[in-house]
Amino acid sequence: MKRKTLTSVISAVALATSAGLAHAADKGEVEVLHWWTSGGEAKSAAVLKEMLEKQGYGWKDFAVAGGGGESAMTVLKTRAVSGNPPAAAQIKGHDIQEWADLGFLTTLDGTASAEKWEQVLPKVVSSVMKYDDKYVAVPVNVHRVNWLWANPAVFEKAGAKIPTTWDEFIVAADKIKAAGLIPLAHGGQAWQDATVFEAIALETMGAELYMKAFKMHDPDALGSVKMVETFEKFRTLKQYIDKDSPGRDWNIATNMVIEGKAGMQIMGDWAKGEFAAAGKKPGVDYICAPAPGTAGMFTFNIDSFAFFNLKDANDAAAQQALAKTILSPKFQEVFNLNKGSIPVRLDQDMSAFDQCALDSMATFKAANTSGKLVPSWSHGLATTSQIQGAIYDVVTNYFNDDKVSATETVDKLVRAVKSAM
Ligand code: GAL
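Residues numbered from 1 in each chain as written. Predicted model: local features only at pLDDT ≥ 70, side-chain atom pairs only at ≥ 80, totals over all residues. Heavy atoms only, no water.

Draft legend 1. Structural detail: the environment of Ala-194. Along the polypeptide, Ala-194 turns up in helix α10 (residues 190–214). You can call Ala-194 buried: its relative accessible area is 0%. Considering only alpha carbons, one finds Ala-194 and Asp-393, 199 residues apart in sequence, at a separation of 9.2 Å. Apart from residues lying up to four places away in sequence, Ala-194 is in contact with Trp-377, Ser-378, Tyr-392 and Val-395. (Helix = DSSP H or I, 4+ residues; strand = E, 2+ residues; numbered from the N terminus. Buried < 20%, exposed > 50% of the residue type's maximum accessible area, 1.4 Å probe, protein only. Contact = heavy atoms within 4.5 Å.)

Draft legend 2. Just the nonpolar core, in detail. Counting 74 residues, the largest nonpolar core has Phe-169, Phe-214, Met-227, Phe-231 and Trp-377 as the members making the most contacts within it. Among the elements that line this core, the one with the most residues is α10, at 13 residues. Discounting chain neighbours no more than four positions away, the residues touching Trp-377 are Ala-194, Phe-197, Glu-198, Tyr-210, Phe-214, Ala-382, Thr-383, Gln-388, Ile-391, Tyr-392 and Val-395. Ranked by size, the runner-up nonpolar core spans 66 residues in total, among them Val-136, Ala-306, Leu-310 and Phe-331. (Core = buried A, V, L, I, M, F, W, Y, C linked by side-chain atoms within 4.5 Å.)

Draft legend 3. Broad picture of the site of the ligand. Taken together, 14 residues surround the ligand, and among them Glu-41, Lys-92, Asp-303, Lys-339 and His-379 come closest. Here an oxygen atom of the ligand sits 2.6 Å away from a polar atom, N or O, in the side chain of Lys-339. Protein burial of the ligand: of its 300 Å² of free accessible surface, 100% is covered by the chains. Residue composition of the shell around the ligand, grouped by class: five nonpolar, five polar and four charged. (Near = heavy atom within 4 Å. Polar contact = N/O pair within 3.5 Å; in protein donor to acceptor, adjacent residues only side chain to side chain. Areas by Shrake-Rupley, 256 points an atom, 1.4 Å probe, with all protein chains shown as cover. Nonpolar A, V, L, I, M, F, W, Y, C, P; charged D, E, K, R; others polar.)

Draft legend 4. Broad picture of helix α12 (residues 225–236). For α12, spanning twelve residues, the distance from its first C-alpha to its last is 17 Å, which sits close to the expected 16 Å at 1.5 Å a residue. The complete set of buried residues in α12 reads Met-227, Val-228, Thr-230, Phe-231, Lys-233 and Phe-234. (Expected span 1.5 Å × (residues − 1).)

Draft legend 5. Expanded view of the packing of aromatic side chains. This structure, assessed with the given rule, holds 22 aromatic pairs. Aromatic side chains Trp-117 and Tyr-135 sit 5.1 Å apart centroid to centroid with 85 degrees between the ring planes, which places their arrangement in the edge-to-face category. One end of the pair, Trp-117, is in helix α6 (residues 117–120); the other, Tyr-135, is in strand β5 (residues 134–135), with 18 residues separating them in the sequence. The pair formed by Trp-117 and Tyr-135 is uniform in burial state, with each residue classed as buried. An aromatic cluster is built from Phe-197, Tyr-210, Phe-214, Phe-231, Phe-234, Trp-377, Tyr-392, Tyr-398 and Phe-399, whose rings are joined through pairwise contacts. Sitting over the face of the ring of Tyr-57, Lys-27 holds its NZ or CZ atom 4.5 Å from the ring centroid. The ring of Phe-399 has Lys-238 sitting right over it, with the charged end atom 5.6 Å from the ring centre. (Phe/Tyr/Trp six-rings, centres within 6.5 Å; stacked < 30°, edge-to-face > 60°. Lys NZ or Arg CZ within 6 Å of the ring centre and 35° of its normal.)

Draft legend 6. Examining a negative patch on the surface more closely. Together, Glu-98, Asp-101, Asp-132 and Asp-133 make up a negatively charged patch on the protein surface. Looking at the element boundaries, Asp-133 is found in the loop between β4 (130–131) and β5. On the basis of relative accessible area, Asp-133 is assigned to the exposed category, the value being 64%. (Patch = residues over 30% accessible without salt bridge, like charges linked within 9 Å, V, L, I, M, F, W, Y side chains within 5 Å. Salt bridge = Lys/Arg side-chain N within 4 Å of Asp/Glu carboxyl O. Lys, Arg positive; Asp, Glu negative; His and termini not counted. Charge placed at Lys NZ, Arg CZ, Asp CG, Glu CD.)

In structure tokens, the structure reads:
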């Protein structure tokens, strides 16, 4: 049944192409679901829309607000189940496999071989995009999640130095607090709590134990002393966060750093997109540094679009054009300059990129060979959405309840992951 649908879509695409439907009026439209609604994100999404429209295809924007994409995924499920999925949706990691397994996704193999994706993509990326050895999704970028963003003017005022270790982080945070400013800009939402927790886990556990816990779900790693330590450190952060944090969006938190109300934020490099959109310059107006204690390590988060089976041949052709555009060097450059991430093509010319991006690229490549490149579980690259959700709950509940101990919480974590498997 699934195979039949895929075949009919492919032959319809071939037919449309060979018939040479080159007129704009005949060209199809793609509806694209994403959650890129902050300043930097919206600018990035607009690049794709423009580049597709320039080729004569239509773009129907399907933006669902909400950092991290939880709301977008809920909306997508409703639409897909009612038999009306969009042409493409921002879907990541394991979820790609799940959607493909359910028979929803179309193949991009024709475009992939014409465009030589196999040769330009790192293996760690292309393997995530394939189901049954066929491309069903296309990667947009590589985000590094373990970053610290800092406002140098705040640091100067506080007489603090940019921290490279956890202990230095505490020293800097205390100084910023003493200077009457907010040390850490944070939004109290489950995915943001998880993002920060993940950075501390990497620092405390190291790459190997991190992998055992968050990718392999080894109960000993999940229940380890290092995990207890991670939770304890995580709680210490609370004294450095302001009382208005609950529910705050991540980009509002970034804005606190931009405006000098707060000294730091621990967040993936989509935060750089906000600094860029505000006209700020790295190394001058803001500093990007590895999250304390994680230099040389790289938690990766790859944004990607998965492509759904469509009935209309013109729309299916537009879909393939979208896939092709996403991996074109021009799009990779303009999009990633706005988004804060690095291009996903190994052969990309990086001359237009800033120092943060160059550092990110260098670390990505080095970490890939040193075993320090790890998938971000908080952004859906390491595990299933069920397990991710289970960890989110444990982490957030702990952060919001000072009465529960780290040891109790780690026991809960082991059980929660087991029951979500
Ligand atoms: C991540 C996504 C990024 C960024 C961020 C905040 O999960 O990969 O592209 O959008 O959420 O919304």
